[in-house]
Amino acid sequence: MSTSSAATQTPLTQLPAWKALATHYEKIHTEHLRDLFKNDPKRGTRFAVEAEGIYLDYSKHRITEETLKLLLQLAEESGLKARIDAMFSGEKINTTEKRAVLHVALRAPKSEKIVVDGEDVVPGVHEVLDRMSAFADRVRSGEWLGYTDKPIKNIINIGIGGSDLGPVMAYEALRHYSQRDLVFRFVSNIDGTDFAEATHDLDPEETLFIISSKTFTTLETMTNAHSARTWALKALKHQAAIAKHFVAVSTNAAEVSKFGIDTANMFGFWDWVGGRYSMDSAIGLSTMLAVGPDNFRKMLAGFHSIDEHFRTAPFEKNLPVLLGLLTVWYADFFGAQTVAVLPYDQYLKRFPAYLQQLTMESNGKHVTLSGDHVNYETGPIFWGEPGTNGQHSFYQLIHQGTHLIPSDFIGFSKTLNKLGDHHDLLMANVFAQAEALAFGKTAEEVKAEGTPAWLMPHRVFEGNRPSNTILVEKLTPETLGKLVALYEHSVFTQGTIWQINSFDQWGVELGKVLAKKIGGELEGAGEITTHDSSTNTLINFYKKQRG
Ligand code: G6Q
């Protein structure tokens with residue numbers, strides 16, 4: 001039986017492991033991490049896994065051996081193994097769009113074979129990678145010249161959603177490895193300010209635009225792309241300049257050439273690559289231009305090592321499976337509505353924003369694969385900021401607020417910018433925060449400090465707030481690939497348990513359709529009466545004030 005045909009699946013809440021977890025939760029939810037640690041001196045290593053250069057400490061979770069056993073049983077009963085195999089073998093597990101889900105093929109070595117609709121897709125992946133590499137080498141070396149024979153100094157990626165968040169995140173994350181005499185900017189918002197600020201100090205003769213759009217029809221991207229063309233042509237005057245200053249990343253050759261970009265300067269990908277899973281496809285062209293083909297391939301190797309780990313490691317030692325199951329545990333049994341992602345590395349400043357799309361667009365679904373309304377919680381809200389900045393703003397709520405917020409601390413043992421004792425101080429904060437969240441500060445401890453009785457309640461920390469700590473030796477292209485793959489497959493694990501389709505995004509459509517209609521209504525001067533009384537009034541107020 002194929003687990004991708006979900007019609008035959010037992011509803012989640014009817015699974016024996018789910019029922020057992022519900023009963024188990026009643027027993028365990030009042031247990032405090034202080035006691036769990038006191039009663040098991042080896043807990044800190046018992047609930048930890050090291051694989052592929054990633055150390056995951058999940059001991060500061062409100063779990064016991066029994067919890068873990070039941071969660072792993074839930075993974076088995078949910079058919080996770082078969083579903084992983086279905087993804088890796090190119091089955092069309094994105095059933096609502098009738099597509100395979102094969103971002104794993106983007107990082108498969110040449111020797112592998114992955115067949116979709118009778119065709120091995122791996123050679124095509126490597127052919128595009130080779131073309132990207134040749135192009136990147138020419139731009140980076142100064143051999144690729146603009147229309148007026150000047151080398152390219154500025155690279156602007158125009159894209160949105162999956163065609164922007166990955167490239168921005170990866171550029172920021174790997175800035176240390178980037179070619180410093182090239183300027184990289186990213187334009188996504190249809191707000192003209194985004195384009196204006198990205199270009200105001202640039203010379204069109206030295207600027208290359210990458211128009212990144214899977215469909216090449218996305219309103220924001222095409223509006224920005226047209227503005228870019230106008231901006232370039234204003235200075236360069238001749239239509240022929242477009243071929244030197246614009247390249248495209250897309251699956252839609254017809255639209256690319258209609259826009260005026262030579263398809264020889266187009267880098268393709270495939271319908272089996274979802275937008276939010278595409279940073280390692282040609283959508284990563286800006287990343288490759290920044291860090292070079294070799295580093296890009298190292299990043300792909302990092303992704304691939306976690307793919308193989310996810311596919312082959314036993315679930316009890318499987319990093320993404322463990323992370324995914326723990327997310328389900330809190331979302332469904334503790335009612336935790338959010339997860340905080342707290343990278344202690346400035347280079348990962350866009351990582352939480354990237355993860356927001358990856359996790360929430362994937363698992364923000366309320367119907368199962370068979371179309372039934374779920375009767376349990378699905379994808380939690382992901383959010384976060386790099387440490388230690390967050391500590392001086394929202395951590396108060398994580399420590400002493402009324403919400404339970406499982407948190408992921410991510411740290412590196414070696415810094416890329418050694419500066420005095422900065423790095424030890426940074427890492428001291430990772431360990432201190434996770435410790436404080438788990439163990440808190442008791443009334444006795446606060447009293448022993450001589451705190452007056454009236455102040456005591458304010459100074460007590462309940463603790464018992466769960467977290468993962470993820471430690472990696474150093475931020476490199478390879479380890480970045482590993483981290484992203486870790487979360488991709490954690491999302492997959494969650495989606496499998498919840499029996500939802502993590503790979504479509506119908507929820508994005510309605511707003512797009514309505515915006516198109518209203519866009520037309522904003523053009524004329526007449527009063528609008530076709531909507532509800534609130535929307536009509538807002539549109540008419542805007543039109544009047546706009547003048
Ligand atoms: C991602 C989504 C979405 C998509 C953007 C851009 O999974 O599908 O964020 O990436 O809407 O789409 P285009 O690449 O087609 O412009």
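Residues numbered from 1 in each chain as written. Predicted model: local features only at pLDDT ≥ 70, side-chain atom pairs only at ≥ 80, totals over all residues. Heavy atoms only, no water.

**Side note on the overall build of the protein**
The helix and strand tally for the protein stands at 22 helices and 13 strands. A compact globule built from 547 residues would reach a C-alpha radius of gyration of about 24 Å, and the protein, at 25 Å, matches this within 12%. Along the three orthogonal principal directions, the C-alpha set of the protein runs to about 75 × 60 × 60 Å. Residue burial in the protein is summarised as follows: out of 547 residues, 55% are buried. Sequence-distant contacts in the protein: of pairs separated by 6 or more residues, those separated by 24 or more amount to 74%. Here the protein displays about 23,700 Å² of accessible surface, and carbon together with sulfur accounts for 54% of that area. The protein carries 54 positive and 65 negative side-chain charges, and their two centres are separated by 2 Å. (Helix = DSSP H or I, 4+ residues; strand = E, 2+ residues; numbered from the N terminus. Rg over C-alpha atoms; globule rule 2.2 N^0.38 Å. Buried < 20%, exposed > 50% of the residue type's maximum accessible area, 1.4 Å probe, protein only. Contact = heavy atoms within 4.5 Å. Areas by Shrake-Rupley, 256 points an atom, 1.4 Å probe, with all protein chains shown as cover. Lys, Arg positive; Asp, Glu negative; His and termini not counted. Charge placed at Lys NZ, Arg CZ, Asp CG, Glu CD.)

**Notes on the packing of aromatic side chains**
Ring pairs (aromatic) are described by centroid distance and by the angle formed between their planes. Here the structure, examined in full by the defined rule, presents 28 aromatic pairs. Taking the centre distance of 4.9 Å and the plane angle of 85 degrees together, the rings of Tyr25 and Phe334 count as edge-to-face. Of this pair, Tyr25 sits in helix H1 (residues 16–28) while Phe334 sits in helix H14 (residues 319–334), and the two are 309 residues apart along the sequence. Taking the relative accessible area as the measure of exposure, Tyr25 reaches 16% and is therefore buried. With a relative accessible area of 14%, Phe334 lands in the buried category. Here the aromatic residues Trp18, Tyr25, Trp329, Tyr330, Phe333, Phe334 and Tyr376 are joined through ring pairs into a cluster of three or more. Stacked on the ring of Trp144, the Lys or Arg Lys244 has its end atom at 5.9 Å from the ring centre. The ring of Phe88 is capped by Arg311, whose NZ or CZ atom sits 6.0 Å from the centre of that ring. (Phe/Tyr/Trp six-rings, centres within 6.5 Å; stacked < 30°, edge-to-face > 60°. Lys NZ or Arg CZ within 6 Å of the ring centre and 35° of its normal.)

**Some thoughts on the sheet that holds strand E13 (residues 467–472)**
Within the open sheet, the six strands sit side by side as E1-E2-E13-E12-E10-E11. Their pairing is mixed. Strands with a single pairing partner mark the edges of an open sheet, and in this sheet they are strand E1 (48–51) and strand E11 (381–383). For this sheet, the mean angle separating the axes of adjacent strands, direction not counted, is 15 degrees. Examined bridge by bridge, strand E10 (residues 338–343) and E11 share three bridges and lie parallel to one another. Bridging from a neighbouring strand, Val339 pairs with Phe382 of E11. Sheet strands in contact with helix H20 (residues 477–498) are strand E2 (54–57), E10, strand E12 (407–412) and E13, and its direction is about 165 degrees off that of E12. (Pairing = 2+ DSSP bridges. Axes fitted to C-alpha atoms, helices over the stretch in contact; angles between N-to-C directions.)

**Remarks on the confidence of the model for the protein**
For the protein, per-residue confidence averages 96 on the pLDDT scale, and residues scoring 70 or more make up 99% of the total. In the predicted structure, residues 1–6 sits below a pLDDT of 50 and forms eleven contacts with residues beyond four places in sequence or in another chain. (pLDDT = per-residue confidence, 0-100.)

**Some details on the sheet that holds strand E5 (residues 154–158)**
If you walk across this open sheet you meet the five strands as E6-E5-E7-E8-E9, and the pairing is parallel. Sheet topology places strand E6 (183–187) and strand E9 (266–268) at the edges, where each strand pairs with a single neighbour. In this sheet, neighbouring strand axes are inclined to one another by 20 degrees on average, regardless of whether the strands run parallel or antiparallel. Here E5 pairs with strand E7 (residues 207–212) via five bridges, running parallel.

**Examining empty space enclosed by the protein**
In total, this model carries two cavities of 30 Å³ or more according to the counting rule given. Volume-wise, the largest cavity comes out at about 120 Å³. The wall of the largest cavity is formed by 14 residues, among which Leu323, Thr327, Val339, Asp408 and Asn468 lie closest to the centre. Within the residue set of the lining of the largest cavity, elements represented by two or more residues are H14, E12 and H20. The element that contributes the greatest number of residues to the lining of the largest cavity is H14, accounting for four residues. Here the lining of the largest cavity is composed, by residue class, of seven nonpolar, six polar and one charged. In this structure, the second largest cavity spans a volume of roughly 70 Å³. (1 Å grid on protein atoms, 1.4 Å probe; cavity = no way out; pocket = protein on both sides within 12 Å on 5 of 7 lines; lining within 4 Å. Points joined across faces, edges and corners; volume = space filled by probe spheres on them. Nonpolar A, V, L, I, M, F, W, Y, C, P; charged D, E, K, R; others polar.)

**A look at the site of the ligand**
As a matter of local geometry, the ligand sits amid 13 residues, with Ser163, Ser213, Thr215, Thr218 and Gln357 nearest to it. Here an oxygen atom of the ligand and a backbone polar atom of Lys214 are 2.7 Å apart. Relative to its unbound accessible area of 400 Å², the ligand is 88% covered by the protein chains. Mapping the ligand onto the cavity grids shows that it belongs to the largest pocket. For the shell around the ligand, the class distribution of residues is one nonpolar, nine polar and three charged. (Near = heavy atom within 4 Å. Polar contact = N/O pair within 3.5 Å; in protein donor to acceptor, adjacent residues only side chain to side chain. Sits in = over half its atoms within 2 Å of the grid points.)

**Description of the nonpolar core**
Judged by nonpolar contacts, the single largest core of 124 residues is most densely connected at Trp272, Trp329, Phe351, Ile470 and Leu480. Of all the elements, H14 adds the most residues to this core, at twelve residues. Apart from the residues lying within four places of it in its own chain, the contact partners of Phe351 are Met169, Val341, Pro343, Ile410, Leu483, Val484 and Tyr487. Core analysis: the second largest hydrophobic core is formed by 24 residues, Ala198, Met222, Leu236 and Phe259 among them. (Core = buried A, V, L, I, M, F, W, Y, C linked by side-chain atoms within 4.5 Å.)

**Topic: helix H5 (residues 80–88)**
Inspection of H5 places Leu80, Arg83, Ile84, Ala86, Met87 and Phe88 among the buried residues, and these make up the whole buried set. Where H5 terminates, the next one or two residues include Gly90, which has phi positive at roughly 85 degrees.

**Brief notes about H14**
Under the 1.5 Å per step criterion, the end-to-end length of H14 is 22 Å for 16 residues, consistent within 8% with the ideal 22 Å. H14 sits mainly inside the fold: 16 of its 16 residues count as buried. Positioned one or two residues after H14, Gly335 has a phi angle of 70 degrees, which is positive. (Expected span 1.5 Å × (residues − 1).)

**Re the pairing of E6**
Sheet topology places E5 next to E6; five bridges connect them, and they run parallel. Paired with Asn154 across the strands is Val183, a residue of E6. For the handedness criterion, the β-α-β arrangement of E5, helix H7 (residues 165–173) and E6 is classed as right-handed. (Right-handed = clockwise from strand over helix to strand, strands pointing away.)

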